[in-house]
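# Secondary and tertiary structure notes
In case you want the letters, here they are:
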Amino acid sequence: MANRLKEVLPDIIQIGQTCGIPGRNIFENLATVRNAIMHYHIHPNEQAALISLDLDTIDHQYMYRVLERFNIPVVMLDTIRALYETAHSKISVNGYLTTPVKIEKGIRQGCPLSTILFAIIMEPCIRSIHDYVSSISTNKNLHTVRAYADDISFLIQDPNHIHPNKKFCLTTWKLQEQK
């Protein structure tokens, strides 16, 4: 299933994500950040803010909605649901295991699907940030959004555009508007 999903990733993951996407790698992200740092080193009178986000808690219900919105085939979606809806964990306390605790958030580490799921699930957030950064930037070449799984970095040309109440992330993307 991971291999079949990986084939369509370049078609649905448009902006900045490099983790798990065939033909992309993390060095693209590093080069983008390096080029921006060099630009601001050469032009010390210009301002910018480098923002890094680590969004590692994904609600499973949100994950299902995003996968549906990206038209992941029902058979694959049902398999992913089965993997995540039956996930439980036990906690060891003083050598004794607790009763099973249902896992309702997060992506399984080490699973071949994990990087693919992160790429798809993070795309709405990345698009939202990209749209915002593009709307306030005058230098489009330097101010791009880069992501590796759930780690997102982007530059804002004017630090005054950082609004504490600006919701960049998963809740801002309108699922009904995406095709």
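Residues numbered from 1 in each chain as written. Predicted model: local features only at pLDDT ≥ 70, side-chain atom pairs only at ≥ 80, totals over all residues. Heavy atoms only, no water.

## Focus on the overall build of the protein chain
Tallying secondary structure elements over the protein chain gives five helices and seven strands in all. Mapped in sequence order, the helices and strands of the protein chain form the string α-α-β-α-α-β-β-β-β-α-β-β. Relative to its 179 residues, the protein chain shows a buried fraction of 40%. Relative to all contacts within the protein chain whose residues are 6 or more apart in sequence, the contacts with residues 24 or more apart total 66%. Total accessible area computed for the protein chain in this model is approximately 10500 Å², and 53% of it derives from carbon and sulfur atoms. (Helix = DSSP H or I, 4+ residues; strand = E, 2+ residues; numbered from the N terminus. Buried < 20%, exposed > 50% of the residue type's maximum accessible area, 1.4 Å probe, protein only. Contact = heavy atoms within 4.5 Å. Areas by Shrake-Rupley, 256 points an atom, 1.4 Å probe, with all protein chains shown as cover.)

## Regarding unusual backbone geometry
Positive phi values are uncommon outside glycine, yet Asn-71 reaches one of about 60°. The exposed category is assigned to Asn-71, whose relative accessible area is 60%.

## Some details on the packing of aromatic side chains
Summed over the entire model, instances satisfying the criterion amount to zero aromatic pairs. In this structure, Arg-81 packs its charged tip against the face of Tyr-64, placed 4.9 Å from the ring centre. Lying over the aromatic face of Tyr-84, Arg-108 brings its terminal NZ or CZ to 5.5 Å of the ring centre. (Phe/Tyr/Trp six-rings, centres within 6.5 Å; stacked < 30°, edge-to-face > 60°. Lys NZ or Arg CZ within 6 Å of the ring centre and 35° of its normal.)

## Things to note about the pattern of salt bridges
Oppositely charged side chains can pair when the atoms bearing their charge come close. Inspection of the entire model under this criterion finds three salt bridges. Its salt-bridge partner being Arg-81, residue Glu-68 comes within 2.6 Å of it at the nearest N-O pair. Taken together, the residues Glu-68 in helix H3 (residues 60-69) and Arg-81 in helix H4 (residues 74-85) connect sequence positions 13 residues apart. By relative accessible area, Arg-81 is classed as partly exposed at 21%. The residue Asp-78 makes a salt bridge to Arg-81 at a minimum N-O spacing of 4.0 Å. Of this pair, Asp-78 and Arg-81 both sit in helix H4, three residues apart, roughly one helical turn. Since its relative accessible area comes to 42%, Asp-78 is described here as partly exposed. (Salt bridge = Lys/Arg side-chain N within 4 Å of Asp/Glu carboxyl O.)

## Regarding the confidence of the model for the protein chain
Looking at the protein chain as a whole, its pLDDT mean stands at 81, while 86% of the residues score no less than 70. Element-level mean pLDDT values for the protein chain span from 81 in strand E1 (residues 49-54) up to 94 in strand E4 (residues 96-97). Residue range residues 168-179 is modelled with pLDDT below 50. Its contacts to residues more than four positions away, or to other chains, number 27 contacts. (pLDDT = per-residue confidence, 0-100.)

## Things to note about helix H2 (residues 26-42)
An ideal rise of 1.5 Å per residue puts 24 Å on 17 residues; H2 measures up with 25 Å between its terminal C-alpha atoms. Of the residues making up H2, those classed as buried are Asn-29, Thr-32, Ala-36, His-39 and Tyr-40. Along the axis of H2, the buried positions cluster into a sector of 95°, meaning they face one direction only. Exposed side chains of H2 directed beyond 90 degrees from the buried face belong to Phe-27, Ile-37, His-41 and Ile-42. Along its buried surface, H2 packs onto strand E6 (145-148) and strand E7 (151-156). (Expected span 1.5 Å × (residues − 1). Arc of directions from axis to C-beta.)

## A closer look at the environment of Phe-118
Structurally, the position occupied by Phe-118 is in helix H5 (residues 114-136). Between the alpha carbons of Phe-118 and Asp-150 there is a distance of 6.5 Å; along the sequence they are 32 residues apart. Residues within four places of Phe-118 in sequence aside, it is in contact with Gln-17, Leu-55, Ile-58, Ile-107, Ala-149 and Asp-150.

## Brief notes about the nonpolar core
Met-63, Leu-117, Ile-120 and Ile-152 are the most contacted members of the largest nonpolar core, which totals 44 residues. With 13 residues, H5 is the largest single contributor of residues to this core. If we ignore the near neighbours within four places in the chain, the residues touching Met-63 are Ile-58, Ile-80, Tyr-84, Ile-107, Leu-117 and Ile-121. (Core = buried A, V, L, I, M, F, W, Y, C linked by side-chain atoms within 4.5 Å.)

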